[in-house]
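Working through the structure, step by step
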Amino acid sequence: MKTLQGRTAVLTGAASGFGLELARRCAGLGMKIVMADVQQDALDRAAAEVAALGQANGAEVLAYRLDVSKADQVEALGAAVLARFGAPHLVFNNAGIGIGGLIWEHSRADWDWTIGVNLMGVAHGVRVFVPMMLAAAAADPDWEGHVVNTASMCGFTPQYAALQ
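Close contact between helix H1 (residues 17–28) and helix H2 (residues 40–54) brings their axes to 8 Å; oriented N to C, the two are set at 25°. As judged from the angle between their axes, H1 and H2 are roughly parallel. When the axes of H1 and H2 are compared, the crossing they make is right-handed. Counted together, Leu20, Ala23, Arg24 and Ala27 of H1 and Ala46, Glu49, Val50, Leu53 and Gly54 of H2 form the full contact between these two elements. Partitioned by chemical class, the residues of the contact of H1 with H2 number six nonpolar, one polar and two charged.

Here you go:
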């Protein structure tokens, strides 16, 4: 994107790690930032920090608690973003979790949680936000936007043990 000031970014997993760091960067650029995370206390602290950082640049911050594994919660987030800021210009599907240990020792609930957040969270984000971004682009040929889907190192490292 050529212009970032005044544009809207939706960031999941925004209370820590990459999500928080990108929120800080967006604040410095004067963007409208929707910070979404499942941990309310961490989200509140992060949103206050980011709002203070962006105050001089006209950045706006909306903190939104949600569990990305829940389709209805991501749909509600999409509706809130559209109502307040319009179609987002940047969607950063970044929420993710990792469970250590041996994969065969994880419960079904562990697997449901991991797949719900790490896979379906991205799918819900793409399903909810891409259509509104495409509509914005169709209405304005100068409109620009990006979707970024991230994965943690857990997606690149094997979890196994040598069987002897």
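Still more ground to cover, so stick around.
At their nearest, the axes of helix H3 (residues 71–85) and helix H4 (residues 108–139) sit 9 Å apart, and the two run at 25° to each other. Between H3 and H4, the interaxial angle falls into the category roughly parallel. Crossing of H3 against H4: the hand is right-handed. Residues Ala71, Val74, Glu75, Leu77, Gly78, Val81 and Leu82 of H3 form the contact with H4, whose own contacting residues are His124, Gly125, Arg127, Val128, Phe129 and Met132. Taken together, the residues of the contact of H3 with H4 sort by class into eight nonpolar, three polar and two charged.

Criteria and cut-off values
Residues numbered from 1 in each chain as written. Predicted model: local features only at pLDDT ≥ 70, side-chain atom pairs only at ≥ 80, totals over all residues. Heavy atoms only, no water. Axes fitted to C-alpha atoms, helices over the stretch in contact; angles between N-to-C directions. Helix = DSSP H or I, 4+ residues; strand = E, 2+ residues; numbered from the N terminus. Parallel < 35°, antiparallel > 145°, perpendicular 65-115°, else oblique. Left-handed = near helix turned anticlockwise from the far one by under 90°. Contact = heavy atoms within 4.5 Å. Nonpolar A, V, L, I, M, F, W, Y, C, P; charged D, E, K, R; others polar.

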